[in-house]
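# Overview (structure and organization)
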Amino acid sequence: MNEWLELILRWFHVIAGIAWIGSSFYFIALDLSLKQNKNLPPKSYGEAWQVHGGGFYHLVKYLVAPSKLPSELTWFKWEAYATWVSGFALLALIYYAGAELYMIDIIKYDFEKYEAVIISILGIIFGWLVYDMICRISLKTNVYTLILSIFILITIMSWIYSELFSYRGAFMQIGTVLGTIMVANVLMVIIPGQKKVVASLIKNETPDAKYGMVAKQRSLHNNYLTLPVIFIMISNHYPIIYATKYSWLIIPIILIIGALIRHFFNVKHTGIKPPYWIIFPIIILLSLSMFISNLGKPKLTKTNQNAHIIKIIPEPILTNAQEIIISKCSMCHAKEPLWDNMHSAPKQVMLETTEDILMNIENIYSQSVASFAMPPGNVSFLENHERAQIEELYLTILNLTKNK
Ligand code: HEC
């Protein structure tokens, strides 16, 4: 039942997100492609011609509002709301209900489940309030100051949560903070502004142009945040991205990369030659992320009593690693896990016999040697010298299979 519920929610969440981001991309591109023309109706700003699905579309944009309100208006808001609601439900179902696996890292802080949930929710609200305040204060100041302040806010939050929560929990927390900012922009700023404009039109007053400007600012932020948020949401399949010591630094880097990619397309859609140079900073930043994730992987110390034996004979390499894996992993990764409320091996990964271990060795390596993803929140205290022994086994197997 749980798995079904999770899948259905995820399905819904991804589809709502596609609808939202699709319309967001569409409108930004449309805005940028508008051309002015003397023959357009009064109060209009520009027009665009498009062809799609066998028909031609002629779109005209009114910066504040048309002189007369049309009888029917399509609003774009449910895509955003549905994305948030389904996303939050997923967060609650997976991360909050399973806080001891996905959020809490007892070595960092031994939170009670409910404490972790409260800290997460407070952070989501805090992120929005501070972001909103920065936007309001800096409406009159320089746009670069604004962007830099938001960037610093996210970087600091990313660091704080990586200190408080497990690596995976921290990553998802920042994704949620960013996603919430985007949806709150729609719910609290863009839509209320548009409602005020419609209300003044109904009263035959001239709407305040301020609402359009503020909405434009927020909608542009949403546009630039889209790619980083999606990156964070899908990165939980890749432990070497979210679960190494400096993973929190990867988030600000991805913010820059995502913004550069959006910038490329935004320029392209205005019809100007796009800035192909952005490929260079992107390559540099991606390499930097890879470097950071390698730098932050568990520091393996080989100074334990068995170290000298491991080097000489392959046999203890296997028995040592196997002993560690059985004692530190198989309370969950077993046909009948001993872990509370766990009814089958997570992801069908069983680590009980030698064959199990040999079959899963690459995945074991990426989850517990190349990153801190397993054990979740280090619940079973896997020590660094034990990780080293798992690595030893992995490398030995790698060598043996290569030589064959
Ligand atoms: C407290 C329970 C628990 C312990 C202990 C634990 N795991 Fe896991 N493991 C999980 C859960 C839960 C998942 C599923 C994670 C997810 O949904 O992405 C998982 C997933 C995995 C996967 C599959 C990852 C994937 O997405 O393909 C591997 C491999 C793995 N664990 C290895 C290990 C190793 C190696 C250890 C011991 C060093 C370990 N686990 C200890 C709970 C545990």
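Further up the page is the structure itself.
Residues numbered from 1 in each chain as written. Predicted model: local features only at pLDDT ≥ 70, side-chain atom pairs only at ≥ 80, totals over all residues. Heavy atoms only, no water.

## As for the overall build of the protein chain
Counted only if it meets this: Each helix is a run of H or I in the DSSP string that is no shorter than four residues. Each strand is a run of E no shorter than two, and both are numbered from the N terminus. Whether a residue is buried, partly exposed or exposed follows from its accessible area with a 1.4 Å probe, protein chains only, as a fraction of its type maximum: under 20%, in between, or over 50%, in that order. Every residue pair with non-hydrogen atoms within 4.5 Å of one another is taken to be in contact. Each accessible area is a Shrake-Rupley result for a 1.4 Å probe, and residues are judged covered by the shown protein chains and nothing else.
Across its full length, the protein chain carries 15 helices and 2 strands. If you line up the protein chain on its principal axes, its C-alpha atoms span 85 × 45 × 45 Å. A total of 404 residues make up the protein chain; the buried ones form 46% of that total. Considering only intrachain contacts with a sequence separation of at least 6, the fraction spanning at least 24 residues in the protein chain is 68%. A total accessible area of about 23000 Å² is found for the protein chain, and carbon and sulfur atoms account for 67% of it.

## Brief notes about a nonpolar patch on the surface
Applied cut-off: Patches were defined on residues exceeding 30% relative accessible area and lacking a salt bridge, with like-charge contacts within 9 Å and nonpolar side-chain contacts (Val, Leu, Ile, Met, Phe, Trp, Tyr) within 5 Å. By definition, a salt bridge exists where a carboxyl oxygen of Asp or Glu is found within 4 Å of a side-chain nitrogen of Lys or Arg.
Taken together, the side chains of L148, I152, I156, W159 and I160 make up a nonpolar region of the molecular surface, amounting to roughly 450 Å² of accessible area. Along the chain, I152 falls in helix α5 (residues 143-164). On the basis of relative accessible area, I152 is assigned to the partly exposed category, the value being 41%.

## Quick word on the site of the ligand
This is how the line gets drawn: Whether a residue is near a molecule or strand is decided by its heavy atoms; if any one of them lies within 4 Å of it, the residue is near. Under this definition, polar contacts are N or O atom pairs within 3.5 Å; protein pairs additionally need one hydrogen-donor-capable and one acceptor-capable atom, and for neighbouring residues in sequence, both atoms have to be side-chain atoms. Classification convention: Asp, Glu, Lys, Arg as charged; Ala, Val, Leu, Ile, Met, Phe, Trp, Tyr, Cys, Pro as nonpolar; all other residues, Gly among them, as polar. Reported domain spans reflect what an automatic or database domain assignment gives.
In the region of the ligand, 23 residues are neighbours, and R168, C329, C332, H333 and M374 sit closest. With respect to the ligand, the side chain of Y102 contributes an N or O atom lying 3.3 Å from an oxygen atom. Between the ligand and K347 there is a distance of 3.2 Å, counted from an oxygen atom to a side-chain nitrogen or oxygen. Looking at the shell around the ligand, the elements that each hand over two or more residues are α3 (99-102) and α14 (361-368). Among the elements that take part in the shell around the ligand, α14 stands out by supplying 4 residues, more than any other. Taken together, the residues that form the shell around the ligand break down as 15 nonpolar, 5 polar and 3 charged. When residues of the shell around the ligand are assigned to domains, at least three fall in each of domain 1 (2-295) and domain 2 (307-403).

## Observations concerning the coordination of the iron atom of the ligand
The expected angle between donors at a tetrahedral four-coordinate metal is 109.5 degrees. At an octahedral six-coordinate metal it is 90 or 180 degrees. Rules: Each metal site is built from N, O and S donor atoms within 2.8 Å (3.2 Å for Na, K and Ca), and since water is not included, such sites may look incomplete.
Only H333 (NE2) and M374 (SD) from the protein coordinate the iron atom of the ligand, and they sit 1.9 to 2.3 Å from it. The class of H333 is buried, set by a relative accessible area of 11%.

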